[in-house]
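Below are the chains, spelled out letter by letter.
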Amino acid sequence: LNLPYPPSTYCVSIDSVKQQIVIQTRNRKYYKRVGLPELSEFGLELDEQRLSWRHQQTSLFVSYARPVPGAPMQLLMLA
């Protein structure tokens, strides 16, 4: 996907009820929900503090830090 919007357009958050990461633009041109079944298998809930994202050129990188010590795992790259 080509995501040509500036970084200030994106809103990346966690839906605590559905336990999904929500990626959307403020101009309502893009909307996506991403689940992490690996965490729900262990009964772990998503934590907003473990979520990070960055925008580079036309790509949005979303990462969620592992609940155990280690490097963050990259969930997806939208380019």
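Here, the structure is the one placed above.
This report concerns the structure included in the present document. Keep in mind that what you see is a predicted model, and the values were worked out from it rather than measured. (Residues numbered from 1 in each chain as written. Predicted model: local features only at pLDDT ≥ 70, side-chain atom pairs only at ≥ 80, totals over all residues. Heavy atoms only, no water.)

1. Description of unusual backbone geometry
Even without glycine at this site, Arg28 takes up a positive phi of about 60 degrees. Considering the arrangement of structural elements, one finds Arg28 in the loop between β2 (20-25) and β3 (31-35). Here Arg28 falls in the exposed class, since its relative accessible area comes to 77%. Of note, the phi angle at Gln57 is positive, near 55 degrees, even though the residue is not glycine. Relative to the helices and strands, Gln57 is located in the loop between β4 (51-56) and β5 (59-64). (Helix = DSSP H or I, 4+ residues; strand = E, 2+ residues; numbered from the N terminus. Buried < 20%, exposed > 50% of the residue type's maximum accessible area, 1.4 Å probe, protein only.)

2. Re the pairing of β2
Of the strand pairs in this sheet, strand β1 (residues 10-15) and β2 are connected by 6 bridges, and their pairing is antiparallel. Considered in β2, the bridge of Val12 is made with Ile23. Count of turn residues in the β1/β2 antiparallel hairpin: 4 residues, of which Gln19 carries a positive phi of about 55 degrees. The pairing of β2 with β3 spans 5 bridges and is antiparallel. In the sheet register, Gln20 faces β3, and the bridge partner there is Gly35. Hairpin geometry of β2 and β3 is characterised by an intervening segment of 5 residues between the two adjacent antiparallel strands and by a positive phi of about 60 degrees at Arg28. (Pairing = 2+ DSSP bridges.)

3. Concerning the packing of aromatic side chains
Aromatic ring pairs are described here by two measures, namely the spacing of the ring centres and the angle between the planes. Counted by the stated rule, this structure contains 2 aromatic pairs. For the pair Tyr10 and Trp53, a centre-to-centre distance of 6.2 Å together with 65 degrees between the ring planes defines the contact as edge-to-face. On the criterion of sequence distance, the pair formed by Tyr10 in strand β1 and Trp53 in strand β4 is long-range, its members being 43 residues apart. Taken together, Tyr5, Tyr10 and Trp53 form an aromatic cluster joined through their ring pairs. Its guanidinium or amino end placed over the ring of Phe61, Arg54 lies 4.1 Å from that ring's centre, counting from NZ or CZ. (Phe/Tyr/Trp six-rings, centres within 6.5 Å; stacked < 30°, edge-to-face > 60°. Lys NZ or Arg CZ within 6 Å of the ring centre and 35° of its normal.)

4. Details of the sheet that holds β1
In spatial order, the strands read β1-β2-β3; together these 3 strands make up an open sheet with antiparallel pairing. Each of the sheet's edge strands pairs with one partner strand only, and the pair in question is β1 and β3. The sheet shows a mean angle of 20 degrees between the axes of neighbouring strands, direction not considered. (Axes fitted to C-alpha atoms, helices over the stretch in contact; angles between N-to-C directions.)

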